[in-house]
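# Observations on the model geometry
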Amino acid sequence: MGAVYPITAALTATKPRAARGRSDRMWCRLKSFIFLIALLPTDPMFSFFKKKPKDTPDLPPEVAAPAPAAQSTAPAGTVLSAEPAPAPAEQRRSWLDRLKKGLSKTSSSLTLLFVGAKIGDDLYEELESALLVSDAGVEATQYLLDALKRKVKEEKLTEAEQVKTALRALLIDLLTPLQRPLELGRHQPLVMMITGVNGAGKTTTIGKLAKHLQAHHQSVLLAAGDTFRAAAREQLTVWGERNNVTVIAQESGDPAAVAFDAIHSAQARHIDVVMVDTAGRLPTQLHLMEELKKIKRVVAKGMAGAPHEVLLIIDGNTGQNALTQVKAFDDALGLTGLVVTKLDGTAKGGILAAIARTRPLPVYFIGVGESIEDLQPFNAIEFVDALLN
Ligand SMILES: Nc1nc2c(ncn2[C@@H]2O[C@H](COP(=O)(O)OP(=O)(O)O)[C@@H](O)[C@H]2O)c(=O)[nH]1
Ligand SMILES: [Mg+2]
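Residues numbered from 1 in each chain as written. Chains lettered and ligands numbered in written order. Predicted model: local features only at pLDDT ≥ 70, side-chain atom pairs only at ≥ 80, totals over all residues.

## A word on the site of ligand 1
Taken together, 19 residues lie near ligand 1, and Gly201, Lys202, Thr203, Thr204 and Gly367 sit nearest. Considering every element that reaches the shell around ligand 1, the biggest residue donor is helix 8 (residues 202–215), with 3 residues. Along the lines of polarity and charge, the residues of the shell around ligand 1 split into 3 nonpolar, 11 polar and 5 charged. (Near = placed C-beta within 6 Å. Helix = DSSP H or I, 4+ residues; strand = E, 2+ residues; numbered from the N terminus. Nonpolar A, V, L, I, M, F, W, Y, C, P; charged D, E, K, R; others polar.)

In structure tokens, the structure reads:
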């Protein structure tokens, strides 16, 4: 398919940037480099590191180094990644408080059972129930119990409090592989497809991410690929207008065409990141899952190697059903990562242990509310401490 789909409505809120002179560009890069260095110690969302030189020859041309004409304000030869980094203390504390509050039901049932308990079958049975109730699922619960019993024996633990500490260590070991940075700057544009069931938080997450990315000097373009509902297109457009980000939308029609248009538009404007919103669907709606595969195929025709990220957004309150979603979307699309939202509500948190045991995909971000700063990189230690404190 070589045809370029027509853009019927490109809602451009950003000013097209005029071509700059070479010295302007160099000065701009120098300025942004100095700015990024200054940001390093307190940055809440992203960290920055040099790309290893040995990687360069293996990468496609657009990855090897930002093209000289590229409008990216990231310093040449660097890759941006969403590693958790310390945020301003107050903001971090309130965010962690929300996470702890959200997971408080699980944490109270997981911690109370150790209070004044004796190590033995009763303790293990209570722990088993608490883990199952927390959405950890049968497999992860069994794994944790077996590993814990082994540890208690090997380390000759005698106090329930020591068993709790051992559980903390096991949970951290289990969840740490999910803590992976979302690396930016690998491709221009970096194309991310955002998927999930209705109401999971896809569009909100896109809006929050757009804001964070912009704060880190990444230009962003959004594709309104939820063409089922006019309201969904409007919701994304509002995010775009609020954040001065271009939104590619069509009155009606084919989400794959919208994504295709968006990629070409991003290439023409030297945009850093394209996020393609999609309509919510259940994994059991097979024709809709086929449509997602088609969007992915058409995106790859728009840019070889794209989409570079296929993210599944999961509502943290969906319990074990979230695991079914992860498996089904991963089987259909080959997911590259997850975002778990609404951990501020009635979520129980154990679902991450289930994911770690069955589909250990990176959990790039977790959401604990509706405002921008409520989306933060997943950090295994913080999460386990919220679960066990
Ligand atoms: N409490 C809370 N609400 C959220 C979070 N993320 C999204 N939402 C809300 O969930 C609802 C559905 O979000 P939306 O982005 O429209 O879902 P979509 O259908 O997947 O695009 C909206 O009311 C959002 O404000 C979160 O982390 N915490
Ligand atoms: Mg939506």
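## Here's the deal with the nonpolar core
Counting 97 residues, the largest nonpolar core has Leu222, Ala259, Val274, Met275 and Leu338 as its most contacted members. Per element, the largest residue contribution to this core is 8 residues, and it comes from helix 10 (residues 255–269). Contacts of valine 274, omitting those with residues within four sequence positions, involve Pro189, Val191, Met192, Leu221, Ala223, Ala262, Ile263 and Ala266. (Core = buried A, V, L, I, M, F, W, Y, C linked by C-beta atoms within 7 Å. Buried ≥ 20, exposed ≤ 12 C-beta atoms within 10 Å, placed from the backbone. Contact = placed C-beta atoms within 7 Å.)

## Focus on the pairing of strand 7 (residues 246–249)
By the alternation rule, side chains of strand 7 split into Thr246 and Ile248 and Val247 and Ala249, which are all buried. In the sheet, strand 6 (residues 220–223) pairs with strand 7 via 3 bridges, with the strands oriented parallel. By the bridge assignment, alanine 223 is partnered in strand 7 with isoleucine 248. Where the polypeptide runs from strand 6 across helix 9 (residues 230–243) and back to strand 7, its parallel neighbour, the crossover connection is right-handed. (Pairing = 2+ DSSP bridges. Right-handed = clockwise from strand over helix to strand, strands pointing away.)

## Focus: the packing of helix 6 (residues 137–154) against helix 13 (residues 351–358)
With their axes 8 Å apart at the nearest point, helix 6 and helix 13 run at an angle of 85° to one another. One element, helix 6, and the other, helix 13, form an angle in the roughly perpendicular class. Contacts between helix 6 and helix 13 involve Gly137, Glu139, Ala140, Tyr143 and Leu144 on the former and, on the latter, Ala353, Ala354, Ala356, Arg357 and Thr358. Of the residues assigned to the contact of helix 6 with helix 13, the class counts are 6 nonpolar, 2 polar and 2 charged. (Axes fitted to C-alpha atoms, helices over the stretch in contact; angles between N-to-C directions. Parallel < 35°, antiparallel > 145°, perpendicular 65-115°, else oblique.)

## What to know about the pairing of strand 10 (residues 337–341)
The side chains of a regular strand alternate between the sheet's two faces. Burial analysis of strand 10 places 4 of its 5 residues in the buried class, which makes it a mostly covered element. Alignment of strand 9 (residues 309–315) against strand 10, held across 5 bridges, turns out to be parallel. Looking at strand 10, one finds that leucine 312 is bridged to leucine 338. In this fold, strand 9 hands off to helix 12 (residues 321–333), which returns the chain to strand 10; that crossover is right-handed. Bridge analysis of strand 10 against strand 11 (residues 363–367) gives 3 bridges, and the strand direction is parallel. By the bridge assignment, valine 340 is partnered in strand 11 with isoleucine 366. As a crossover connection, the stretch from strand 10 through helix 13 into strand 11 is right-handed.

## Let's talk about helix 4 (residues 104–112)
Every buried residue belonging to helix 4 is among Thr106, Ser107 and Leu110, and all of these are buried. Seen end-on, helix 4 carries its buried residues on one side only, within an arc spanning 95°. Residues of helix 4 that are exposed and point over 90 degrees away from its buried face: Ser108 and Leu112. Against helix 5 (121–133) and helix 14 (380–388) lie the buried residues of helix 4. (Arc of directions from axis to C-beta.)

## What to know about the environment of threonine 358
Within the secondary structure layout, threonine 358 lies in helix 13. You can call threonine 358 partly exposed: it has 15 C-beta atoms within 10 Å. Taking C-alpha positions, threonine 358 is 8.2 Å from glutamate 139, a pair spaced 219 residues apart along the chain. Ignoring any residue separated from it by four or fewer positions in sequence, one finds threonine 358 in contact with Glu139 and Leu323.

## Topic: unusual backbone geometry
Of all residues except glycine, most have a negative phi; of all peptide bonds, most are trans. For the peptide bond that leads from glutamine 188 to proline 189, omega is -5°, which places it in the cis range. Considering the arrangement of structural elements, one finds proline 189 in the loop between strand 4 (183–184) and strand 5 (190–195). Residue alanine 306 is joined to proline 307 through a cis peptide bond whose omega torsion reads -5°. Summarising the element assignment, proline 307 is placed in the loop between helix 11 (286–302) and strand 9. Its identity is not glycine, yet aspartate 135 carries a phi of approximately 80°, on the positive side.

## Section: the environment of aspartate 261
Positionally, aspartate 261 belongs in helix 10. Here aspartate 261 falls in the buried class, since 21 other C-beta atoms lie within 10 Å of it. C-alpha separation for the pair aspartate 261 and alanine 249, spaced 12 residues apart in sequence, amounts to 9.0 Å.

## With respect to helix 10
Given 3.6 residues per helical turn, the α-helix brings residues three or four places apart onto the same face. For helix 10, built from 15 residues, the straight-helix expectation of 21 Å at 1.5 Å per residue is met to within 8% by its first-to-last C-alpha distance of 21 Å. The inward-facing, buried residues of helix 10 abut strand 5, strand 6, strand 7, strand 8 (273–276) and helix 11. Downstream of helix 10 by a residue or two, histidine 270 has a phi angle that is positive, lying close to 55°. (Expected span 1.5 Å × (residues − 1).)

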